Amino acid sequence: MMRRPRTTAVKPVEYRDMDSDLSFSQTMSSDEDCEEWRPPEPKPKAPSKTARASVAGEKKAAVKRTAKPKEPKVPKPPKAPKVPKEPKPRAPRKPAAERKTQAAKVPRDPGAPRLAGTKRKKIDKKDDKAGEDKGEKQTDGHEGNMAEEGGPSIRMKEERLSFIVSDSHQADRWAGEGSSLAGFKAKKEEVEDFTFDEPCQKKPKTNQPTALPSSQANTLRNELNMDWDLIEVLSTLTCVERWVCVNIISLLREENTVPFMVRYRKEMINHMDADAVRDVQLVYDELCTLAKKTQSVIQTLKKDGVLTDELEKDLRSCRSADELDHVYSPYKKGSKLTKARRAKALGLEEAASTLMDSPHTLDLRAWVKPGTEGLSSLEEVATGVEHILADMIAKDPETLTYVKTLCENSFVTIQSSVSKSALKEKEQEKSAKGHQKPGPQQNKNKDMDKFNLYFDFTCNVQRIQSHQTLAINRGESLKILTVKVNIPDRVKSDFTRWCINNRWRTRTFAREELNAIIRNAVEDSYKRLILPFLTRSYRTKLTSTAEKESIALFVRNLRQRLLVCPVRGSVIMGVDPGFRHGCKLAILSPTSQILQTDVVYLHNSGQHREADKLCHLMTKYSCTRVVIGNGTACRETESFFADLISRRCFQPLDVSYCITNEAGASIYSVSPEAVKEMPELDPNIRSAVSIGRRVQDPLAELVKIDPKHIGIGTYQHDVSAGALKAALDGVVQECVSFVGVDINICSEILMRHVAGLNAGRAKSIAEWREQNGPFMNREQLKLVKGMGPKTYQQCAGFIRINPQTLHSAKSSPHPAPAVPEKPAAKKGKGKSSANIPTSCNPLDQTCIHPESYDVAQRFLSLVGGRADQIGSAGLRQCVEHKVRTSSVEELARTVDTSPETLKLIIDGLTQPPGFDIRQNFGQADFKRGIVSMSDLRVGAVLTGRVDNTTLFGAFVDIGVGRSGLIHKSHITLDKLPVSQRRRSLALGPGERVEVRVLNVDPQRGRIGLDLIRVLQ
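Residues numbered from 1 in each chain as written. Predicted model: local features only at pLDDT ≥ 70, side-chain atom pairs only at ≥ 80, totals over all residues. Heavy atoms only, no water.

Caption draft 1: Expanded view of the sheet that holds strand β11 (residues 941-950). The five strands lie next to each other as β11-β12-β13-β15-β14, forming a closed barrel whose pairing is mixed. Pairwise comparison of adjacent strand axes, ignoring direction, gives a mean angle of 50 degrees for this sheet. Relative to strand β12 (residues 953-957), β11 is paired through five bridges, and the arrangement is antiparallel. In the strand pairing of β12, V946 is matched with V956. (Pairing = 2+ DSSP bridges. Helix = DSSP H or I, 4+ residues; strand = E, 2+ residues; numbered from the N terminus. Axes fitted to C-alpha atoms, helices over the stretch in contact; angles between N-to-C directions.)

Caption draft 2: Quick peek at the side chain of R539. Within the secondary structure, R539 is located in helix α24 (residues 512-562). You can call R539 buried: its relative accessible area is 17%. Looking at R539, its side chain comes within polar contact range of the side chain of E476, at 2.7 Å. Residue contacts for R539: discarding those within four places in its chain leaves I414, N473, E476, V483 and V485. (Buried < 20%, exposed > 50% of the residue type's maximum accessible area, 1.4 Å probe, protein only. Polar contact = N/O pair within 3.5 Å; in protein donor to acceptor, adjacent residues only side chain to side chain. Contact = heavy atoms within 4.5 Å.)

Caption draft 3: A look at the environment of D854. Mapped onto the elements of the fold, D854 is located in helix α37 (residues 853-863). D854 sits in the partly exposed class, given a relative accessible area of 47%. For the pair D854 and V895, spaced 41 residues apart in the sequence, the C-alpha separation amounts to 9.4 Å.

Caption draft 4: Local environment of unusual backbone geometry. Cis geometry marks the peptide bond from Q651 to P652; its omega dihedral reads 5 degrees. Inspection of the secondary structure puts P652 in the loop between α26 (634-646) and β8 (656-660). At E255, a residue that is not glycine, the phi angle is positive and equals roughly 65 degrees. Following the sequence through the fold, E255 ends up in the loop between α11 (242-253) and α12 (258-264). Not every positive phi belongs to a glycine, and R648 is a case in point at roughly 55 degrees. With respect to the element layout, R648 can be found in the loop between α26 and β8. By relative accessible area, R648 is classed as exposed at 60%.

Caption draft 5: Structural view of the pairing of strand β3 (residues 481-486). Every second residue of β3 is oriented toward a common face, the buried set being L481, V483 and V485 and the non-buried set T482, K484 and N486. As paired elements, strand β1 (residues 413-418) and β3 share six bridges and run antiparallel to each other. Directly across from V418, in β3, lies its bridge partner L481.

Caption draft 6: Here's a closer look at the packing of helix α14 (residues 309-316) against helix α15 (residues 321-328). Packing of α14 against α15 brings their axes to within 9 Å, and their N-to-C directions diverge by 160 degrees. Regarding the angle of α14 to α15, the classification is roughly antiparallel. As for the relative orientation of α14 and α15, their crossing is left-handed in sense. For the pair α14 and α15, the contacting residues are L311, D314 and L315 in the first and L324, V327 and Y328 in the second. Residues belonging to the contact of α14 with α15 are distributed by class as follows: five nonpolar, no polar and one charged. (Parallel < 35°, antiparallel > 145°, perpendicular 65-115°, else oblique. Left-handed = near helix turned anticlockwise from the far one by under 90°. Nonpolar A, V, L, I, M, F, W, Y, C, P; charged D, E, K, R; others polar.)

Caption draft 7: Broad picture of the sheet that holds strand β2 (residues 456-460). Strand order across the open sheet formed by three strands is β2-β1-β3, with antiparallel pairing between neighbours. Each edge of the open sheet carries a strand with a single partner, namely β2 and β3. When the angles between neighbouring strand axes are averaged without regard to direction, this sheet yields 15 degrees. Each of β1 and β3 is contacted by α24, which is oriented at about 115 degrees to β3, the strand it contacts most.

Written out as structure tokens, the structure reads:
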């Protein structure tokens, strides 16, 4: 039974998704919806379904398409069966339409097409009404609205820089190219045609985006088969313009990687950074997962025979997993029959409907059936009607929206206290104080001590910090804390009054005993159904927000750690310190080759002999840099080297040392990758090699280790393991891709993280390189097994062919016959007939994508330069002169490309050979002396480097063996550079800072610091 909407003054307010940080307050007007999103026409449906049929045969997309409730409708159009038989005629036509309209091609993503082609139900008008009542300004046309909303959204996304560099122009040097829709053809993967079309021109649509094409809009609108619009919800949750959301979804369906989109499809995503694109991708995946789960629930309920039109509508209206669970939980198998369902089974639903619509005709005595349980008396009948009404109230969207609004305007708190079981264990511990306690019990007691702050903790849910939420969750999981959400009694009284007088008021006059039934139903619904739902929603929202912030912190810290500037051109000694088993040494060449390994015992008798051995090794290999791991015996080893340096034992060498984080080195030393790379070495020696290489090339070494083991962030065990792994893998891929890899010298492990590549393709590239010699140009990548057009498109721009390493690698000649033989061994389709040149292309050492080579050649002709002049001062002067005389926009029109593409081409042509974006980031700090914690004095001003960032502050290594903490209250805007003031996380690992000592606690090993300034 549906409750009729009332016309009385209702205050529909913003819908707040409990799984998200953002609300649905930014609703679009109904006029705008009608103008921009037109209902689906009958004609576009057939191509959509046939396209889905054609794509079903590609790659692995069909693996997860098992549950398709609407699938029998696909073969209805007569053209559908012809698509698999004649794929080639459709290949050129499909992308042409996409380039003109940016229409979302039918996805290869296995999660997207499951619900495609189904009809979308009409959106409830309450959202529009809510927007009007709240007084939100909405323009009549889509263009005007986007012009208004574009500004704040753009400013918000500009605050979140993917890489923090000293100059914003430098960021564009490695992350920016314009929109180019080349190579997006559905059938190219089958015929392996590697040709790229000319990049299409698309002006930035920040101010005046054009309306979305109706066919594309309808496809995205109907695909999830929910009662809300996918693009509208996605745009609202992410604060991203609708046209950008459509483009991102389309690009993701095309199997484009985030680094490729950020660098080579910049116009399509409105110049968003990688973090912002991943946020949109994450929310989109969550909505698709919700739609899939909803469809599964509907099929289950239909099979059980309990699905009604009203229930299906409620399910399809859910916008979060919490809401879906709230609606579905009474019908789950195994759960006891709810009170409302038992009352409905007795036939009392009609009585409840009559009570609301025409109470003057209702006589409850007519429903009394003596001898029937639940209907034997008037009181039992009234109770059954109350239960049905309570269930209706708890599932009504308008009612839930109203009660959420009341909570948002009230002082809702979360409270934690020590659990009874923990108190009982503590009392037992005191009573058994004289007896020897086992180890596990001692550990449990230590855990309890960690949660002292939360034994009597209360905080407003709108002000609680993320690290507090995660700490409370951990204490609750350990059964040390009990947690509850306190909602003020005023919410209940206001909610009850509103329900009785407005939403759930009878249509006609009702007798007092019937009004009492409604009043009891409202109170029962609030206490038994709505209050637990609100509590779950608050806990879920707080946890989700805390997890997202913690993962964002991990991502930020990992990016900073990976992009530390490498130390090149020096022989380095890596030291894995130790006491009993000695200090393991590994001397590495400037190219990270192992020159010699050894073990010295610096902390036992015979130190003079070991010192002589060290001096001999350092002198023999002219080693001037020592890298010491920060593990056991680090401080003693550092003191030993500092003493040798002060006594000038290494003369004439100018030796310095640094301390580096060795987290994950021991795990890596016993991994299969390390065994394969250094089979003859002891695991302890491998750790020393890894420690040294972390300073020589941090990115190349740290990608070998699981990001969770690098020692960054906090609460990694309290967040979703899947979400954390996906985010960290994404930032590793982003860093490796934007830095670029020299394909002829990089390791197979590093290649795995290039956008578009994986372990199998990286192995194939390494095998091809081993069998055929070095790659002469990017085109030869097409000959590698498993390298299809889409893979080549994604990875080609991030792979470099460095002329210097190419010449050094030419010692083993490249056999000519291998070129035609290799494709024949793979598929023999397309590759055997490919005419791959064997000459070098100077553009292959730049960040310019092969799809833009023609544009680059036209630009070189325009400025009067040649490709072999790349990076030279002469070409740089010619380009700068041309840009000064003509604007970039004008030059872009001349060479028939977009301004963003041209900017990237200019960067690629003018950057010096071997340019590395990491040169803008800090390098490891080498020193020659040592300072102890006892030397610190309150008020002393020191310089240090941020070691780790947490949700409550930043730990800074000031060279005393213990990191000091700058509490977040001391990280204020006036102490930060202008470029960092708008960042949500102000400091990151590797940044050099000037600090003042606030307090020193030698017993607990704690140092309190105050931030003075960030050193550039």
